[in-house]
Amino acid sequence: MDLDNTLVDRASAFNLWAPDFVRSLGRVDSETAWLIAADRDGYEPRESLARAIEERFETGLAVEALVEKLLYDHVDLMTLDSATAQALENARESGWRIGIVTNGTTAQQALRIRTVGLEPYVEAVTISEAEGTKKPDAQLLQIAAGRLGCGVAGGWMVGDHPTGGRKATLEHAPQQSLRSKLAGG
């Protein structure tokens, strides 16, 4: 399972945090829309976003300090939705082995997992920074599958972006397509 915007609503947490951050810089609330757009739903590299923030707002903060704020200040606003927790529990009770596969820094992603309380629902966590590779590289999914004691063939990657799971499926699954499997073929 992907972490951000799959198991936890990263976008909502960032969007809740952004107005306070903009105000803390002495800027007007209308600048929040720029920050949210520049974040690109977390896909903009943190260092690049920090530089853009400094250029636009002239915060006087070092890029490293802005990166720290971007990585950690919104984490406390993340929550585990009760429906997500129930779905994970149901999947485990049905025999599914669940792991988290996420891009990001090890410290930040581990903090997110602890903060929202995901540990009881998963058997493995695989974070890109710790592994030296990131989605959509299929190697990250292979590492996660190994930690779960299985291969990628026959498994599912659930996330908010199709590239990572699709790439691993195309590289490692038998020739039968997922579409034909789902259609009973």
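Since we're looking at a predicted model, the values are computed, not measured.

Participant: Explain the overall build of the protein chain here, please?
Facilitator: Scanning the protein chain for helices and strands turns up 10 helices and 2 strands. Traced from its N-terminal end to its C-terminal end, the protein chain shows the element sequence α-α-α-α-α-β-α-β-α-α-α-α. Sorting the 185 residues of the protein chain into buried and exposed places 34% on the buried side. Long-range contacts, defined here as pairs at least 24 residues apart, represent 62% of the contacts in the protein chain between residues at least 6 apart.

Participant: What's the story with the pattern of salt bridges in this structure? I'm lost.
Facilitator: Pairs can form between side chains of opposite charge once their charged atoms are near each other. Applying the stated criterion to the full structure yields 13 salt bridges. The partner of R10 in a salt bridge is D39, and the shortest N-O contact between them spans 2.6 Å. One end of the pair, R10, is in helix 1 (residues 10-24); the other, D39, is in helix 2 (residues 31-39), and 29 residues separate them in sequence. Across the pair, D39 and R10 agree in class, each one buried. A salt bridge links R23 to D29, with the shortest nitrogen-to-oxygen separation between them at 2.7 Å. Residue R23 is classed as partly exposed on the basis of its relative accessible area of 42%. Of the residues examined, D29 reaches a relative accessible area of 44% and is grouped as partly exposed.

Participant: What exactly am I supposed to notice about the environment of G60 here?
Facilitator: By secondary structure assignment, the location of G60 is in the loop between helix 3 (46-57) and helix 4 (63-72). Residues G60 and L25 lie 35 residues apart in sequence; the distance between their C-alpha atoms is 9.8 Å.

Participant: It is not clear to me how the environment of A33 should be interpreted in this structure. Could you clarify?
Facilitator: You can see A33 is positioned in helix 2. Distance in space between the C-alpha atoms of A33 and A18 is 8.7 Å, their sequence separation being 15 residues.

What counts and what doesn't
Residues numbered from 1 in each chain as written. Predicted model: local features only at pLDDT ≥ 70, side-chain atom pairs only at ≥ 80, totals over all residues. Heavy atoms only, no water. Helix = DSSP H or I, 4+ residues; strand = E, 2+ residues; numbered from the N terminus. Buried < 20%, exposed > 50% of the residue type's maximum accessible area, 1.4 Å probe, protein only. Contact = heavy atoms within 4.5 Å. Salt bridge = Lys/Arg side-chain N within 4 Å of Asp/Glu carboxyl O.

In short, the description is geometric, and any link to function would need to be established separately.
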